[in-house]
Amino acid sequence: MKASTGHAPAGRATLGFRRTALTGAVLATALGGGAILVACGAGGQGGGGGGAAKLSVADSYIPLPPAGGMAAGYLTVRNDGGQDQLVKVSSPGAESVTMHRSTPSSMEQVPSLDVPAHGALEFARGGTHLMIMGWQKAPALGDELELDLTFAKSGTLSVKVPVKELTYRPGQS
């Protein structure tokens, strides 16, 4: 009579190990692929992840325009969430508000601007800025102009932007 060792014959043990290893490899590949898809963003919308955008506006101001004409607007859109895009700016107190980008040699109107995930979109002198035209009433120091910032994913955010001296710079007294 043959003594039992409690182990399956070598052929069956090897086959069982191979089957388990193969199942584990397939499962790891499937789960790894899922993780890659999650990292790339939901719905195939591409980069920028981080979920919904969490937007706020800081350092907004409009330098007093000469004779109430065309004015520039400056502000910072801060984002503590996922990527978004500013697609339109309007105001009930002006005929039009357009977004522009300045370079050393030119200024061009742009249809939209990215708001990076966990970053900021800055409108600053000498760079990206707003052009405000057709004021309903001539602006004066201390007035506030409502700007409605419309984002691709987050909807519209309304802010009151103060009219400041021509030489004003945020953070300086």
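Definitions and limits used
Residues numbered from 1 in each chain as written. Predicted model: local features only at pLDDT ≥ 70, side-chain atom pairs only at ≥ 80, totals over all residues. Heavy atoms only, no water. Helix = DSSP H or I, 4+ residues; strand = E, 2+ residues; numbered from the N terminus. Buried < 20%, exposed > 50% of the residue type's maximum accessible area, 1.4 Å probe, protein only. Contact = heavy atoms within 4.5 Å. Areas by Shrake-Rupley, 256 points an atom, 1.4 Å probe, with all protein chains shown as cover. Phe/Tyr/Trp six-rings, centres within 6.5 Å; stacked < 30°, edge-to-face > 60°. Lys NZ or Arg CZ within 6 Å of the ring centre and 35° of its normal. Pairing = 2+ DSSP bridges. pLDDT = per-residue confidence, 0-100. Core = buried A, V, L, I, M, F, W, Y, C linked by side-chain atoms within 4.5 Å.

Quick look at the overall build of the protein chain
Scanning the protein chain for helices and strands turns up one helix and ten strands. Tracing the protein chain from N to C terminus, the helices and strands come up as α-β-β-β-β-β-β-β-β-β-β. Across the 173 residues of the protein chain, 28% fall into the buried class. In the protein chain, once contacts between residues fewer than 6 apart in sequence are set aside, the share between residues at least 24 apart is 68%. Accessible area of the protein chain: about 10700 Å², with a carbon and sulfur share of 58%.

Overview of the packing of aromatic side chains
Applying the stated rule across the entire model yields two aromatic pairs. Aromatic side chains Y61 and Y74 sit 5.2 Å apart centroid to centroid with 40° between the ring planes, which places their arrangement in the tilted category. With Y61 in strand β1 (residues 55-63) and Y74 in strand β2 (residues 71-79), this pair connects stretches of sequence that are 13 residues apart. Y74 matches Y61 in its accessibility class, with the two residues each being buried. The residue whose ring lies beneath K164 is Y168, and the NZ or CZ to ring-centre distance is 4.9 Å.

As for the pairing of β1
Pairing of β1 with β2, which is carried by five bridges, proceeds in the antiparallel orientation. For A58, the partnering residue across the bridge sits in β2 and is T76. For β1 and strand β10 (residues 155-164), the ladder comprises two bridges, and the chain directions are parallel. Bridging across to β10, P63 finds its partner in K164.

So, the confidence of the model for the protein chain
It should be kept in mind that the predicted coordinates are not to be read in detail where pLDDT is low. In this model, the protein chain carries a mean pLDDT of 80, and residues with pLDDT of at least 70 account for 70%. The model gives residues 17-48 a pLDDT under 50, and that stretch makes six contacts with residues more than four places away or in other chains.

Looking at the pairing of strand β3 (residues 84-90)
Both β3 and strand β6 (residues 113-115) contribute to a ladder of three bridges, which runs antiparallel. Bridging across to β6, Q85 finds its partner in D114. As paired elements, β3 and strand β9 (residues 144-151) share four bridges and run antiparallel to each other. Of the residues in β9, the one forming a bridge with K88 is T150.

What to know about the nonpolar core
Among the nonpolar cores identified, the biggest contains 24 residues, and L86, V89, M99, F123, L130 and L147 are the most heavily contacted of them. Sorting the residues of this core by element identifies β2, β3, β4 (94-102), β6, β7 (120-123), β8 (128-135), β9 and β10 as the ones contributing at least two each. When residues of this core are assigned to their parent elements, the largest contribution, four residues, is made by β9. Each residue touching L86, except ones within four places of it in the same chain, is listed here: M99, P111, S112, L113, V115, L121, F123, L149, T150 and F151.

Focus: unusual backbone geometry
Its identity is not glycine, yet D59 carries a phi of approximately 55°, on the positive side. By secondary structure assignment, the location of D59 is in strand β1. Using a relative accessible area of 42% as the deciding quantity, one classes D59 as partly exposed. At H118, a residue that is not glycine, the phi angle is positive and equals roughly 50°. Within the element layout of this structure, H118 appears in the loop between β6 and β7. The class of H118 is exposed, set by a relative accessible area of 56%.

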